[in-house]
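Descriptive analysis of the structure
As a plain string of letters, each chain reads:
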Amino acid sequence: MEKDEILRWLREKDEARLEELWVRADGVRRACVGDEVHLRGLVEISNYCVRQCRYCGINACSQGITRYRMNRQEIIECIHEIVRFGYGSVVMQSGEDPGLSRSFVSDLVREISATTDLAITLSLGEREDEDLRDWKEAGADRYLLRFETSDPELYRKIHPSLPGKTSDRFSQLERMRDIGYEIGTGVMVGIPGQSWQTLAQDIEIFRKYDMDMIGVGPFLPSPHTALGGPEAAGFYLDPEDQVPNDELTTLKVVALTRLVCPASNIPSTTALATIDPESGRELALTRGANVVMPNVTPPHYRVLYEIYPGKACIHETAQVCRNCMERRIHSIGRVLGKGPGGRRGISPRLAAK
Ligand code: 5AD
Ligand code: FES
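Here's a quick rundown of the structure. Note that the structure is a prediction, hence the values are computed from the model and not measured.

What about the environment of Gly125?
- Along the chain, Gly125 falls in the loop between strand E3 (119-123) and helix H5 (129-138).
- Here Gly125 falls in the buried class, since its relative accessible area comes to 13%.
- C-alpha separation for the pair Gly125 and Arg51, spaced 74 residues apart in sequence, amounts to 9.5 Å.

Printed below as a string of structure tokens:
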């Protein structure tokens, strides 16, 4: 699919014609990754963050947030729950937190790797290659790092670099692939200042880098941030150029992503479930997605990981999310995924078990 065609679909308003896009995406999903919906247990291990991303509710400048960092035992208890629930993998996510030291994470990864058959995914922000290598050696399989937007100017504005260190997420993604990770990325849809052109380019980049996992969700203004306040007005483009942060546009991106990356793992995201609690999860799953990431973070920490307001499931328990996901998956005639559900076959670590 050429960029012009991607752009045309993104701008398409006709419901009947869009039906063709949904049917195509669902067909490619079924043919290439099947009916299994893989479940990844999400553990939000720390909400400390040194970055000042203009969109994110837990950025370093957000005042009045209680910060937490889970200890080893608390994380291991979540891992046990994930195993008990029968999920095939764990995603450990955090703000960019130097307090999560190289050795803390590698010891944790080594323990999970030695005691479970879970695929291990990390999503801990931009870290040094030494950290990434160490964690890979300890047994980590995958790493998630969204590039957020492929417009370099917009990216710089919403994602300031740390002093003396230019943030280049594409080069980090490539390095992670060289180190041996399956790599995951994604963007937000409807960032103030995001044009249709750059969104089409984002989708082309998913294909160019042959990303293993691609998560997309709507941008949701957060009150603790620049983009959630009056400053955002200065970012918006003319209405005909500005991408809206709505459900329909997000679903188009999910469907187009499936068409350009037929074998990738594509989650139905929490941000989409936040703007459509009733059916957002199912709609993404029937228009290209094949993964869900039920939250297993303990409730008292979960409420503190509010990257945007009204985040779906924030007041639920891991058990409630488990039952809810299972019901939703069955309601659309799909089946629960078995095993780690990796893009590139089973990892050498798991194969050796
Ligand atoms: N709205 C929607 N998504 C957000 N994220 C961060 N802040 C927001 C927000 N305000 C997304 C980013 C990040 C991921 C963990 O959450 O894409 O990579
Ligand atoms: Fe958490 Fe539905 S997935 S309540």
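Points about helix H1 (residues 3-11)
- Within the sequence span of H1, burial applies to Ile6, Leu7, Trp9 and Leu10. The arc enclosing the buried residues of H1, seen along the axis, measures out at 165 degrees, which places them on a common side.
- Check the buried side of H1 and you find it contacts helix H2 (15-33), helix H8 (196-208) and helix H9 (247-260).

So, the site of ligand 1
- Taken together, Tyr55, Cys56, Arg146, Glu148, Met188, Pro218, Phe219, Leu220, Ile307 and Tyr308 are the residues near ligand 1.
- At 2.8 Å, a side-chain N or O of Arg146 approaches an oxygen atom of ligand 1.
- The side chain of Glu148 places a nitrogen or oxygen atom 2.6 Å from an oxygen atom of ligand 1.
- Considering ligand 1 on its own, with 410 Å² of exposed area, one finds that the protein chains cover 86% of that surface.

Here we look at the packing of H1 against H9
- The interhelical angle for the contact between H1 and H9, taken along N-to-C directions, is 155 degrees, at an axis separation of 10 Å. It follows from the interaxial angle that H1 and H9 lie roughly antiparallel. In this structure, H1 meets H9 at a crossing whose hand is right-handed. Between H1, through Ile6, Trp9, Leu10 and Arg11, and H9, the contact on the second element is made entirely by Lys252, Val253, Leu256 and Val260.
- Residue composition of the contact of H1 with H9, by class: six nonpolar, no polar and two charged.

Focus: the pairing of E3
- In terms of residue burial, E3 counts as a mostly covered element, since five of its five residues are buried.
- Burial along E3 is two-sided: the residues Ala119, Thr121 and Ser123 and Ile120 and Leu122 are all buried.
- Pairing geometry for strand E2 (residues 89-94) and E3, over five bridges, is parallel. Bridge assignment links Val90 to a residue of E3, and that residue is Ile120.
- As a crossover connection, the stretch from E2 through helix H4 (residues 102-115) into E3 is right-handed.
- With two bridges connecting them, E3 and strand E4 (residues 142-144) associate as parallel partners. What sits directly across from Thr121, in E4, is Arg142.

Reading guide: rules and limits
- Residues numbered from 1 in each chain as written.
- Chains lettered and ligands numbered in written order.
- Predicted model: local features only at pLDDT ≥ 70, side-chain atom pairs only at ≥ 80, totals over all residues.
- Heavy atoms only, no water.
- Helix = DSSP H or I, 4+ residues; strand = E, 2+ residues; numbered from the N terminus.
- Buried < 20%, exposed > 50% of the residue type's maximum accessible area, 1.4 Å probe, protein only.
- Arc of directions from axis to C-beta.
- Contact = heavy atoms within 4.5 Å.
- Near = heavy atom within 4 Å.
- Polar contact = N/O pair within 3.5 Å; in protein donor to acceptor, adjacent residues only side chain to side chain.
- Areas by Shrake-Rupley, 256 points an atom, 1.4 Å probe, with all protein chains shown as cover.
- Axes fitted to C-alpha atoms, helices over the stretch in contact; angles between N-to-C directions.
- Parallel < 35°, antiparallel > 145°, perpendicular 65-115°, else oblique.
- Left-handed = near helix turned anticlockwise from the far one by under 90°.
- Nonpolar A, V, L, I, M, F, W, Y, C, P; charged D, E, K, R; others polar.
- Pairing = 2+ DSSP bridges.
- Right-handed = clockwise from strand over helix to strand, strands pointing away.

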